[in-house]
Each structure stands twice: as structure tokens, then as C-alpha cells.
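Observations on the model geometry
Spelled out from the first residue to the last, the chains are:
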Amino acid sequence: MTVLRIVYASAIELRTDEAYYWTWSKEGALSFLDHPPGIAWLIRFGTAIFGDTVLGVRFGGIVAMLVTQLLLADIVRRLTHDVRAIVVAVLMPEAALYYGLLMAKVAPDVAMIPFAVAMMWTLVRLAQSGDGRWWLAAGLFGGLSLLSKFTAIMFAPAVAAFLLVPNWRWRWLRSPYPYLAVLVAIAVFSPVLIWNAQHDWASFRFQGVRATANYGISLRTIGDYIGLQFGLVGFVLLPVVLSGLVMTAWRGYRCREPVAILLSTAVLVPFLYFFFKSLTLRVGDTWPMFMWPVGFAAAATNLTALPKEGWSSRTIRSSIFWVNTALVSGIAFVLIVFLYYVAAPWNLLGKMDPIGAEAGYDQVAARAQVALDETGATWIATTDYRTYAMMRWLFRGRVPVVEINERGRFQDFRDPGMDRISGHAGLYIGRQPDDHSSLWAQIPATRAPLAQVERRWRGVLIDTYTLDKLTGWTPELSPPKDSPLFQWRVLAGELEARPLA
């Protein structure tokens, strides 16, 4: 399965967000508007080995999957000493599309997962040894989790329950170690704090707008969330894991067993939170990705607890049957999806295909190169970060690429090459109909239409792009913070973009 992920990572062109994170890996910024810097560091690790190739960008995710599986195996080994349970814990991620294939697609969640599971592993070691120094390791890995993605904070209720619900709470409340662990986590997370202190706390305010957005109750967004969990975790595996989590929670809170409390709460609280958010907001595909590996450990451990608790042989046989069914059907599904994207010539989902919808940018870049050669333009302008990221990835520094709006995304980015931009003609690449934004009426640039280019995947038209020659204007890389070309609140959708004065 690891070989399969390497083939997938090498064969499938980058998606737009992956290219966007790759641009971060080329910068020296402490943090970024959208996310902490962990994903940039993970990509830099892979490209240091394999260069600026698709495998180089995605290699960190493949390593993250292996590290996660090793940690899950050791958690279950320590809790059960049962080889079959260990095998189940290792194979469950392979049977979930989220991990069996999509860990090869780099995202902040992928960078966070091994650190989050490592934090759980240290707390299991703490529970078994009683050695308070494990709190310090938990603080280290908790800080690294937050340094990868802010949603790691959703594990805080599980850690608090682990600390306060069992009978040992007074021992640890009087110990310095939990408090030192918090300080360690803050110290590790400090690059994000420093960057935000320097930039009007933009990341926290930006994410706060997204977290508190409310668009009214929608059955569609609820269905999207539940449907995605079935599709990405597994149509059989999801019920198996959820039932194991519920039983683990019941066992943990009834007996005040620390590890059972930790593992079950770490998944059930985020799962219910995202369900609540899905009432009014579409939950992103990868947002819940960080929690399920802990659920796999809980479900595998639960299997060994059933005989000890006196459950009937019929119930035990049924549980084993459904686990085996989930593993076999899940791995088969992952293989089918792999073959569809790597070997099949068809497009069965049209524009809705999650891979195809972001493929074909090489067609746009090829036509852009022709336009650059014909017009003598020396730089490329875009008005969305996806096109910006893909053009920067495909041109690899040969031509400066600038997104002329949403400049709040690019704070502390290096000079893209203003010596080749200032006073020179540029090439605008805009996705239709976004290329007709009212913003252009306020920009003193002359646009001369050149061409249109279609982006296709397996014969299906995905998008059409406008190519215009830009003259008489130099973009402003650091516009005022109240400009609609900069504002993080505009990016988050809290405010409408205002015309330039």
C-alpha cells in the first residue's frame, strides 16, 4: 500500500492547494494567514530529497502515514498485547480512503496527524508508567500539532478529561508537569504567535471569522458532512469505528479509565462539533481527517475488551466479522479509486471529480508561455490564489507570478522579481467569469485581450481562462491594510470587497 501511494503521488499532478502550500515552502515566513507553517516545513523536507517534483512535494505525507501507523501499532500493543488487534489498527487506515490514498495529498491535516497521534502515544505511556515527565513529551507533540493546524486544539477536551475525570486528578493537579507541558506547547507554537503579533493577529481573526460563520440551517451541508465521512472513512468502517468509540467511552467514563476516556473523547467531541457546524456551514473535506486515527486505535482496542467484559460469543463473532468486512471492502475500494485515477481513461463524475476539477493547468501554462513569447510580457498576474499557485508551480521561477489581490495571503513573502515587473508589460490569466471583476475599473492598467484557453480533464471542459496583455501599471505588493486588495476579513467572507478609493 505504501508503494501504491508512492505511485499515486508520482503520477497525479498537484492539486491547487498543494501547489499553494509548495509556494509557502519557498518562503522564509514564520507563519501564514491561512495556516501555521508545519505543512511548508513538511514539503521542504520532501523537496530537499526529491527536488521540486510531485513526489518531492508529497513525500512528507507518505512518511507521515508510516509514522502514524507505527504509533497506532504501539498504542494498541501496549493496551492489548494482542497481535490481531495490532494488525487491525495498522490496516484500518489502509482501508480508509482518507489515509490509504489521500495521505499522499499534502495538506496541513497530513502534517498534523503524526504529531497528534504521538501526543496520544505519550499520554498512554504516562497512564501506564505514572511518570509525570511524559507530560512534557505530550506538550512537545501538542505544540507541534498546533504548529501544523489550529484544529489540534480540539484535542484539548480529551486531554482535560484524561486529567480530571480519573481518580488521579488531584495528583496531577498538584504536580508541576501538566503546567510545564502547557508552557512547552506554547513555546513550540511561538512562531505562529510571533508572526500574528506582528500582523494584527490576522490568522486567528481570519480563522475566527470562518469558525463563527453562520449561513442558516441547511440539510445539504449536513448530508455533505455525513456522506463525506462514509466515503472517506468507509461505508462499513465508519459504523465499526463509531460503535467501538461509543463502547470505549461508556467503559472509560463508567470505570474512570484514563486511556479509554482519552481515546474516545478525542474523536467524539470533534465529530459532534463538526456535525453541529454542518448544520449551517459546509465542513471541509479534510477538516475531520485528524481525528479518525485515534478512533482506529480505540476500535482495535475495543475488540480485545469484549471477551474480558463477558460479552456473548455471538456478539464477539459479529464484531470480528464486521471489522474484517470493513478492512477487506475498504482496501478494495482504495485500490479501485487508485486504478481509476492512475490507469483508467474515463471521467465518470464530470466537473464534480475532485481530482479532475483541479487538473489540466499545464494546458493554461503552455498557452501562457506562447502569449509571453508573442507579446514580450515579462510577468504573470492572477486574481485568485489557485491560478497563482499553479502558474508559480508550472513556471518554477522562470517568470514572476503575482496575485494582484488578496495580498493579505502573501505577507512576508520574498520579492517575486520586481525588477522584471516594474515598467514591463504583464500577462493576466483569469478564470471566467472572475476575469470581469469590478476591481479592474479601479486599477489603472490597460488590458488588451489576447486569447482564451480551456482547461480540460479526460475530455471534459473544467474551466475557461482569459489571457490579456497588461500595460501601464505595476502591482502593489503591500497595499494598505484597509484596502480590499489586502483585507483578511474580505478573504474570510465577512465583508464585501470595497472599491479602491
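Look up a bit, the structure's there.
Heads up: these notes are all about the structure in this document. (Residues numbered from 1 in each chain as written. Predicted model: local features only at pLDDT ≥ 70, side-chain atom pairs only at ≥ 80, totals over all residues. Heavy atoms only, no water.)

What about the overall build of the chain?
The helix and strand inventory of the chain stands at 20 helices and 5 strands. By the compact-globule yardstick of 23 Å for 501 residues, the chain fits well, its C-alpha radius of gyration being 24 Å. Taken over the C-alpha atoms alone, the chain extends approximately 80 × 55 × 45 Å along its principal axes. Each of the 501 residues in the chain was classed as buried or not, and the buried ones make up 56%. Taking contacts inside the chain between residues at least 6 apart in sequence as the whole, the part at least 24 apart equals 73%. Put simply, the chain shows about 21100 Å² of open surface, and 64% of that area lies on carbon and sulfur atoms. Positive and negative side-chain charges in the chain, numbering 45 and 36 respectively, have mean positions lying 10 Å apart. (Helix = DSSP H or I, 4+ residues; strand = E, 2+ residues; numbered from the N terminus. Rg over C-alpha atoms; globule rule 2.2 N^0.38 Å. Buried < 20%, exposed > 50% of the residue type's maximum accessible area, 1.4 Å probe, protein only. Contact = heavy atoms within 4.5 Å. Areas by Shrake-Rupley, 256 points an atom, 1.4 Å probe, with all protein chains shown as cover. Lys, Arg positive; Asp, Glu negative; His and termini not counted. Charge placed at Lys NZ, Arg CZ, Asp CG, Glu CD.)

What about the packing of aromatic side chains?
If you walk through the whole model with that rule in mind, you get 34 aromatic pairs. Their ring planes at 75 degrees and their centres at 5.2 Å tell us that phenylalanine 155 and phenylalanine 290 sit as a pair that is edge-to-face. Placement of phenylalanine 155 in the loop between helix 8 (134-146) and helix 9 (156-164) and of phenylalanine 290 in the loop between helix 15 (258-278) and helix 16 (292-308) is noted, with a sequence separation of 135 residues between them. The exposure class assigned to phenylalanine 155 is buried, which follows from its relative accessible area of 1%. Of the residues examined, phenylalanine 290 reaches a relative accessible area of 1% and is grouped as buried. Following the ring pairs from residue to residue traces out a cluster consisting of Tyr20, Tyr21, Trp24, Phe32, Tyr385, Tyr388, Phe410 and Phe413. (Phe/Tyr/Trp six-rings, centres within 6.5 Å; stacked < 30°, edge-to-face > 60°.)

Here we look at the pairing of strand 5 (residues 460-471)
As paired elements, strand 3 (residues 426-431) and strand 5 share 6 bridges and run antiparallel to each other. Within the sheet, the bridge partner assigned to leucine 427 lies in strand 5 and is lysine 469. In terms of strand pairing, strand 4 (residues 446-457) meets strand 5 through 11 bridges, oriented antiparallel. Residue pairing in the sheet places valine 453 in a bridge with tyrosine 465 of strand 5. Turn length for the strand 4-strand 5 hairpin, with the two strands adjacent in sequence and antiparallel, is 2 residues, and the turn residue arginine 458 shows positive phi of about 50 degrees. (Pairing = 2+ DSSP bridges.)

Brief notes about the packing of helix 2 (residues 16-25) against helix 19 (residues 385-395)
The contact between helix 2 and helix 19 brings their axes to 8 Å, and the two run at 65 degrees. By the criterion of interaxial angle, the relationship of helix 2 to helix 19 is roughly perpendicular. For helix 2 against helix 19, the interelement crossing comes out left-handed. In contact with Thr16, Asp17, Ala19, Tyr20, Trp22 and Thr23 of helix 2, helix 19 contributes Tyr385, Arg386, Tyr388, Ala389, Met390, Arg392 and Trp393. (Axes fitted to C-alpha atoms, helices over the stretch in contact; angles between N-to-C directions. Parallel < 35°, antiparallel > 145°, perpendicular 65-115°, else oblique. Left-handed = near helix turned anticlockwise from the far one by under 90°.)

Quick notes on the packing of helix 14 (residues 237-255) against helix 16
At a minimum axis separation of 8 Å, helix 14 and helix 16 run at an interaxial angle of 70 degrees. On the basis of the axis angle, helix 14 is roughly perpendicular to helix 16. Where helix 14 crosses over helix 16, the two elements pack in a sense that is left-handed. Contacts between helix 14 and helix 16 involve Leu237, Leu238, Val241, Leu242, Gly244, Leu245, Met247, Thr248 and Arg251 on the former and, on the latter, Trp292, Gly295, Phe296, Ala298, Ala299, Asn302, Ala305 and Leu306. Within the contact of helix 14 with helix 16, the residues separate by chemical class into 12 nonpolar, 4 polar and 1 charged. (Nonpolar A, V, L, I, M, F, W, Y, C, P; charged D, E, K, R; others polar.)

Some thoughts on the sheet that holds strand 5
Strand order in the open sheet formed by 5 strands is 2-1-3-5-4, and the pairing between neighbours is mixed. In this open sheet, the two edge strands, each paired with only one partner strand, are strand 2 (401-403) and strand 4. Taken pair by pair, the neighbouring strands of this sheet meet at an average axis angle of 25 degrees, ignoring direction.

What to know about the nonpolar core
When a protein is soluble and globular, its nonpolar side chains tend to lie buried together. The biggest cluster of nonpolar side chains holds 142 residues, and the ones touching the most others in it are Met92, Tyr99 and Trp292. Per element, the largest residue contribution to this core is 13 residues, and it comes from helix 7 (residues 108-129). Trp379, Leu439, Trp473 and Leu485 belong to the second largest nonpolar core, which has 13 residues in total. (Core = buried A, V, L, I, M, F, W, Y, C linked by side-chain atoms within 4.5 Å.)

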